Amino acid sequence: MMSGYQVLRSTLQFLATTDLSVTEISLVKDVDVSLPVLNYFHQVFEVVFVDPSGLMNLCADMTASKYHRVQFEAKCSMEIFDDWTVDSFQALLMTMKPLDRAFDHVFQ
């Protein structure tokens, strides 16, 4: 059984290294000819992550630019996890990051 740290690290590693705007992923266990092919999802959606039913894209509302932002944050998080001189738990999960420090421009 994996610890919470291992699950978080594996998830961040997956997000940092997998571009779902190029490569689709599906949680469907059994191939069924009545289900849509993954290529059909990419014709409609920019980011494709299909649920176990094979009928719903879990990332339907996500644009490629939003996903790339998530991917960038995951890569930065992995760099902090790999730096043994930093308390990664405190830096990543306990320290608040104000919006004005996250972006150069903030519109209201």
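Above this note sits the structure.
How each quantity is defined
- Once a new chain begins, its residue numbering starts again from 1 and follows that chain's sequence as written.
- Restriction of local features to residues with pLDDT of at least 70 applies here, the model being predicted, together with a cutoff of 80 or more for giving and counting side-chain atom pairs; totals for whole chains, interfaces and linings are based on all residues.
- As a convention, hydrogens and water are excluded, and side-chain values are obtained from all of the structure's heavy atoms.
- Ring geometry is summarised as follows: Phe, Tyr and Trp rings, the Trp one being its six-membered ring, pair when their centres sit within 6.5 Å, and such pairs are stacked at plane angles under 30 degrees, edge-to-face over 60 and tilted between the two.
- Only DSSP runs of H or I covering at least 4 residues are called helices, and only runs of E covering at least 2 are called strands; the numbering of each starts at the N terminus.
- Any carboxyl oxygen of Asp or Glu that lies within 4 Å of a side-chain nitrogen of Lys or Arg is treated as forming a salt bridge with it.
- Exposed residues in this analysis have more than 50% of their type's maximum accessible area, buried residues have under 20%, and partly exposed residues fall in between, with area computed by a 1.4 Å probe over protein chains only.

Novice: Break down the packing of aromatic side chains for me, with residues and values.
Specialist: A complete count under the given rule lists 2 aromatic pairs for this structure. Plain terms: the ring middles of tyrosine 5 and phenylalanine 81 are 5.3 Å apart, the flat faces sit at 85° to each other, and that makes the pair edge-to-face. Note that tyrosine 5 is positioned in helix H1 (residues 4-17) and phenylalanine 81 in helix H3 (residues 64-82), a separation of 76 residues in sequence. When the ring of phenylalanine 41 is compared with that of phenylalanine 45, the centres are 6.5 Å apart and the planes differ by 25°; the resulting orientation is stacked.

Novice: Outline the pattern of salt bridges, listing residues and values.
Specialist: Inspection of the entire model under this criterion finds 2 salt bridges. We note a salt bridge from arginine 9 to aspartate 82, for which the minimum N-O separation is 2.6 Å. Placement of arginine 9 in helix H1 and of aspartate 82 in helix H3 is noted, with a sequence separation of 73 residues between them. Judged by relative accessible area, which is 24%, arginine 9 ranks as partly exposed. Residue classification places aspartate 82 among the partly exposed residues on the basis of a relative accessible area of 43%. Of the charged contacts in the structure, one is a salt bridge between arginine 69 and glutamate 73, with a shortest N-O distance of 2.6 Å. With a gap of 4 residues between them, arginine 69 and glutamate 73 both fall in helix H3, about one helical turn apart.

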